[in-house]
Amino acid sequence: MAKIRESIISNCEKKFLIKGLEEHRRLDGRAFDEFRELHIEFSKDWGCCYVTLGKTAVLAQVSCEIQQPKSSRPSEGILIINVELSPMSAPHFEPGRQSELSVQLNRILEKCIKDSKAVDLESLCIKVNEKVWALKVNVNVLNHEGNIADCASIAALSALAHFRRPDISSDGEEIVVHTYAQRDPIPTAVHHYPVCVTYAMFNEGAVILADPTLLEEGVADAHLMIGLNAYKELCGLHLGGNALMTPQSILQCTSKAAARASVVIQQIKEALEKDQERRNQNKEFIFEDSVQFDKAASASNLGFYLDKWSTKQQKKRKNVKHVKEESGMENSTEDSNKGTVESFGKGSAVLLPPEDDNNWKTSSDEESESDIIPDDCLIKGDDKEYNKSKTKKKKLIK
Amino acid sequence: MSSINCKLGVLSRPDGSALLTQGETTVMAGIYGPIEVKSQKLLINKASVEVCYRPKAGLPGIGDKFYESIIQNICEAALVSVLYPRSSILVVIQEMQNYGGLIACAVNACCLALLSSGIDMKFLIASVSCAMDNQGILHLNPDKIIWQNATATFVFVFDSTVQRIVASHTSGSFSSLQYQDALDLCKNGSKEVFEFYKTVIAQEISHES
């Protein structure tokens, strides 16, 4: 059967990425051990959440039904995890078909969540050997921008922690399942929160990147996926690819991953609390995504402002020459024509270029050069944010 | 009319994407196109339109395949597929939250995603649903409770040029007079949807420029 081909990473892209890494730069301006921003949002339905990690987006939904238990484990409920690579995430994914990637992801999530016994399966038992609850976690990948494993593991875990199954009552023979309206539903018992943390290796383990993007994933020699919970207990380890790594670097990665895992788990718990608050207030549930939306808007705006600066720069140079030839203008007014500063997202601001009519007032090439690097246009807010956005902007300009 | 909200370009991979919320029903739509076509679906005179509907839990069943075919018919009517021969246009719809009126929401999300992908269309499409309760009263864009207790439900899709019916889907029993009433009600409702499209696109353009 013919298949839509996956887009291939070109040699120049590869070389550019690796050259950047040699200079300690990533294409998106992150530090080597920096992760993309995580955003968790719950839906009105129990056990449904939408998780974005950078641009990677995943939707998870937990559903339940009553089944006969496995004969080997008559008193334990069943947990099924299924990762579905929707064609929305990339056109070469075929719906309903198991690909190598989806099998691998399924297995990693199973190792991480199911095999680490994060969910109390015994509490899902209704009647030994006859009826147990089967929980099914469906993870739909909506946008594939690298590191699906982390995003999917966070989504699956948050959905499980958020899920409530309907209450049941039994008179010994018959089992009655009560609807959510009749009786309060029962939350799932989650013993610990294991999440997946991914690292990509380059140059035989010399360069290790946290949370690789799609391009970085494609170029990397190997991937290290570490399942960890908040108690720094290892719940799964997967090393794929062909990196010759020293045991030390794996241990280093694991200790770094432990710190990350506790941050992620904290965020999951906060999101769950926030959701509970929202439910108590009886607010309307729509996928607000307000944070996410603002970011997307500001990111595109940022590009827009930078474009504007670069075009200004060209114009200026022409004008500057013009001015020099004519009279050698004074540069006393340079402070007043720096443009206006507008606040722009968290802890950063944008310097709007001055209006067209006075754009030639700077008098030397050097000055116009320094103008376009918007060091002075950033308002120092939160220090960390400040530095991040600063480096980002610089990089974008370069 | 229940509240309607939309975000365009939520996903980076698809050529066009939209997250649409009508009332409490939420649908995500993503468009790829024109892209390489599978050899068995190749058409030499026009693009083949493929629609994929994903429920959020479990495998797609008969009902989901039915949604797929409805949306495919609508898309084929609205797209100028002759402009893209030997290629395919892939439409993926993901259910995010279902509280009644899912098809209408999916069609509208699809239209906005097509708009944001910049693919050629003959006209815009707007879908409006209404439900008739047991007293014969029609409710425009009903919520889940009305939807579940309705004796009949109607979903209409209109085009933006002369407001012709592109698709009509009904369930339950009703008289022809009631059908006409429902049609008129939905036609009025569709104007609001088209107005909404305009504001969304205007916002999008003002963000870009």
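Thresholds, definitions, all that
- Residues numbered from 1 in each chain as written.
- Chains lettered and ligands numbered in written order.
- Predicted model: local features only at pLDDT ≥ 70, side-chain atom pairs only at ≥ 80, totals over all residues.
- Heavy atoms only, no water.
- UniProt positions renumbered as here; feature names shortened; annotations may be inferred.
- Helix = DSSP H or I, 4+ residues; strand = E, 2+ residues; numbered from the N terminus.
- Buried < 20%, exposed > 50% of the residue type's maximum accessible area, 1.4 Å probe, protein only.
- Areas by Shrake-Rupley, 256 points an atom, 1.4 Å probe, with all protein chains shown as cover.
- Rg over C-alpha atoms; globule rule 2.2 N^0.38 Å.
- Contact = heavy atoms within 4.5 Å.
- Lys, Arg positive; Asp, Glu negative; His and termini not counted.
- Charge placed at Lys NZ, Arg CZ, Asp CG, Glu CD.
- Core = buried A, V, L, I, M, F, W, Y, C linked by side-chain atoms within 4.5 Å.
- Phe/Tyr/Trp six-rings, centres within 6.5 Å; stacked < 30°, edge-to-face > 60°.
- Lys NZ or Arg CZ within 6 Å of the ring centre and 35° of its normal.
- Pairing = 2+ DSSP bridges.
- Axes fitted to C-alpha atoms, helices over the stretch in contact; angles between N-to-C directions.
- Disulfide = S-S within 2.5 Å.

The name an unreviewed UniProt entry assigns to chain B is Exoribonuclease phosphorolytic domain-containing protein, from the organism Ignelater luminosus. In UniProt, chain B has this text filed under Subcellular location (unreviewed entry): "Nucleus". Recorded in UniProt for chain B, the comment headed Sequence similarities (unreviewed entry) runs: "Belongs to the RNase PH family."

Per an unreviewed UniProt entry, chain A carries the name Exosome complex component RRP45 and comes from Ignelater luminosus. Recorded in UniProt for chain A, the comment headed Sequence similarities (unreviewed entry) runs: "Belongs to the RNase PH family."

**Some words on the overall build of chain A**
Along the backbone of chain A there are 8 helices and 16 strands. Within the span of chain A, comprising 398 residues, buried residues form 47% of the whole. When the accessible area of chain A is evaluated, it comes to approximately 20,400 Å², of which 49% is carbon and sulfur surface.

**Observations regarding the overall build of chain B**
The helix and strand tally for chain B stands at 4 helices and 9 strands. Secondary structure elements of chain B, listed N to C terminal, follow the sequence β-β-β-β-α-β-α-β-β-α-β-β-α. Since a compact globule built from 209 residues should have a radius of gyration of about 17 Å, the 17 Å found for chain B is in line with a globular shape. Judged by the C-alpha coordinates and their principal axes, chain B covers about 50 × 40 × 35 Å. By residue count, 54% of the 209 residues in chain B fall in the buried class. Put simply, of all contacts in chain B between residues at least 6 apart along the chain, 64% involve residues at least 24 apart. Accessible surface computed for chain B: about 8,700 Å², of which carbon and sulfur atoms make up 53%. Separation of charge centres in chain B, based on 15 positive and 18 negative side chains, amounts to 6 Å.

**Comments concerning the nonpolar core**
Side chains of nonpolar character tend, in soluble globular proteins, to be buried together. Of all hydrophobic cores here, the largest spans 68 residues; its most connected members are L79(A), Y199(A), M201(A) and I268(A). Tallying contributions element by element places helix α3 (residues 148–162) of chain A first for this core, with 11 residues. Not counting the four nearest positions on each side in its chain, L79(A) is found in contact with I113(A), K114(A), V119(A), L121(A), L135(A), V137(A) and L160(A). Counting 55 residues, the second-largest nonpolar core is a separate cluster that includes I4(B), L8(B), C111(B) and V200(B).

**What to know about the packing of aromatic side chains**
Applying the stated criterion across every chain, the model contains 9 aromatic pairs over all chains. Aromatic side chains F194(B) and Y197(B) sit 6.0 Å apart centroid to centroid with 80 degrees between the ring planes, which places their arrangement in the edge-to-face category. Of this pair, F194(B) and Y197(B) both sit in helix α4 (residues 176–208), 3 residues apart, which is roughly one turn of that helix. Residue Y197(B) is classed as buried on the basis of its relative accessible area, which comes to 2%. Taken together, the ring pairs connect F154(B), F156(B), F158(B), F174(B) and Y179(B) into an aromatic cluster. We note R260(A) situated over the ring of F35(A); from NZ or CZ to the ring centre the distance is 4.0 Å. One cation-aromatic arrangement involves R279(A) over W46(A); the distance from NZ or CZ to the ring centre is 4.1 Å.

**A look at the sheet that holds strand β9 (residues 165–172) of chain B**
Residue and element names in this part refer to chain B. Spatially, 4 strands are ordered β7-β6-β8-β9 in an open sheet, and the strand pairing comes out antiparallel. Lying at the two open borders of the sheet, with one neighbouring strand each, are β7 (138–140) and β9. Going across the sheet, the axis of each strand differs from the next one's by a mean of 20 degrees, ignoring polarity. Of the strand pairs in this sheet, strand β8 (residues 152–159) and β9 are connected by 7 bridges, and their pairing is antiparallel. By the bridge assignment for β9, F154 is matched with T170.

**Focus: the state of the cysteines**
All names here are of chain A. Taken as a whole and judged by the stated rule, the model has 0 disulfides over all chains. Unpaired in this structure, C64 has its nearest cysteine sulfur neighbour in C48, at a distance of 14 Å. Left without a disulfide partner, C235 is nearest to the cysteine sulfur of C112, which lies 6.0 Å away.

**Regarding the environment of A57(B)**
Mapped onto the secondary structure, A57(B) falls in the loop between β4 (48–54) and α1 (62–78). Residue classification places A57(B) among the partly exposed residues on the basis of a relative accessible area of 33%. Along the primary structure A57(B) and Q94(B) are separated by 37 residues, whereas in three dimensions their C-alpha atoms are 11 Å apart. With residues up to four places along the chain from it excluded, the contact list for A57(B) reads Q61(A), S63(A) and N138(A).

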